[in-house]
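Chain by chain, the residues run as shown.
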Amino acid sequence: LPVYHNHKMIAVIGITGEPDEVRKYAKLAERITRLLIREKELDAFNRSEAEKKHYIIRALIDQEDIHPDYLRENLSRWKIDEKISCQLLRLKLNDTDAPSLSPSLDTAIRNLFYKLDCQLFTFVYPDEYLAVIDSEVFHRHRDLLADFAQKHTSALCIAVGNPVLIHNLADS
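Residues numbered from 1 in each chain as written. Predicted model: local features only at pLDDT ≥ 70, side-chain atom pairs only at ≥ 80, totals over all residues. Heavy atoms only, no water.

Student: Can you help me understand the pairing of strand 5 (residues 128-134) in this one?
Tutor: On a regular strand, each side chain points to the face opposite its neighbour's, so the side chains alternate between the two faces of the sheet. With 6 of 7 residues buried, strand 5 is to be regarded as a mostly interior element. Sheet topology places strand 3 (residues 86-93) next to strand 5; 7 bridges connect them, and they run antiparallel. Bridge pairing links Q87 to I133 in strand 5. Linking two consecutive strands that pair antiparallel, namely strand 4 (residues 120-124) and strand 5, is a turn of 3 residues. (Buried < 20%, exposed > 50% of the residue type's maximum accessible area, 1.4 Å probe, protein only. Helix = DSSP H or I, 4+ residues; strand = E, 2+ residues; numbered from the N terminus. Pairing = 2+ DSSP bridges.)

Student: Would you mind showing me how to read the pattern of salt bridges here?
Tutor: Pairs may arise between side chains of opposite charge once their charged atoms sit close together. Under the criterion given, the structure shown has 10 salt bridges. We note a salt bridge from E82 to R72, for which the minimum N-O separation is 3.5 Å. With E82 in the loop between helix 2 (68-77) and strand 3 and R72 in helix 2, this pair connects stretches of sequence that are 10 residues apart. Here the salt bridges share partners, and the residues they tie into one network are E49, K52 and R77. (Salt bridge = Lys/Arg side-chain N within 4 Å of Asp/Glu carboxyl O.)

Student: Explain helix 3 (residues 103-115) here, please?
Tutor: Residues spaced three or four apart along an α-helix point in a common direction, a consequence of the helix completing one turn every 3.6 residues. Between its terminal C-alpha atoms helix 3 stretches 18 Å, which fits the 18 Å expected from 13 residues at 1.5 Å a residue. Every buried residue of helix 3 is listed here: L105, D106, A108, I109, L112 and F113. The buried residues of helix 3 occupy one face: seen down the axis, they fall within an arc of 160°. Turned more than 90 degrees off the buried face of helix 3, the exposed positions are P103, S104, Y114 and K115. (Expected span 1.5 Å × (residues − 1). Arc of directions from axis to C-beta.)

Student: In this structure, what is going on with the nonpolar core? I would like to understand it.
Tutor: Side chains of a nonpolar character, in soluble globular proteins, are inclined to be buried together. Within the largest apolar cluster, 19 residues are counted, with the highest numbers of intra-cluster contacts made by L89, L91, I109, F113 and L116. Sorting the residues of this core by element identifies strand 3, helix 3, strand 5, helix 4 (135-140) and helix 5 (142-151) as the ones contributing at least two each. Of all the elements, helix 3 adds the most residues to this core, at 5 residues. Residues in contact with F113, not counting those within four places in the same chain, are L89, L91, C118, F121, Y129 and A131. With 16 residues, the next largest nonpolar core counts I57, W78, L120 and L130 among its residues. (Core = buried A, V, L, I, M, F, W, Y, C linked by side-chain atoms within 4.5 Å. Contact = heavy atoms within 4.5 Å.)

Below, the structure written as structure tokens:
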């Protein structure tokens, strides 16, 4: 049974046995194969998005040149207005000898960013998250951040930079 994707044959599924008996299993195998292909595509898109976010945050902090159209296109897609004040949020793991990010802490941090409607963030291996947060959102949700910091005080430190335009993120 050939499997096509984007008008190209990418695999052939073969199952031995009586044709009438194995036909239903061949169709099931084809559906599972298509799901795996779709999942691989989504993972590639998300990885690509994560890499773009990492590159843009690091480049802005390190004051590297970013093509203005590339930056504008990505900021627009992430619904970040270049003309609105933002702040750099840094969450750093406390254990400097052997930093370890547990899945539960990673999930908690990502949920925090979701609650703050923070689209631009990255994990910097091995021990910190960097995020760009709208200054108004920061002021509206100071208590949420303070509670989060208090709850995770043994695991991480949180620092918030000064309000700046995103092009001046290095000064935050």
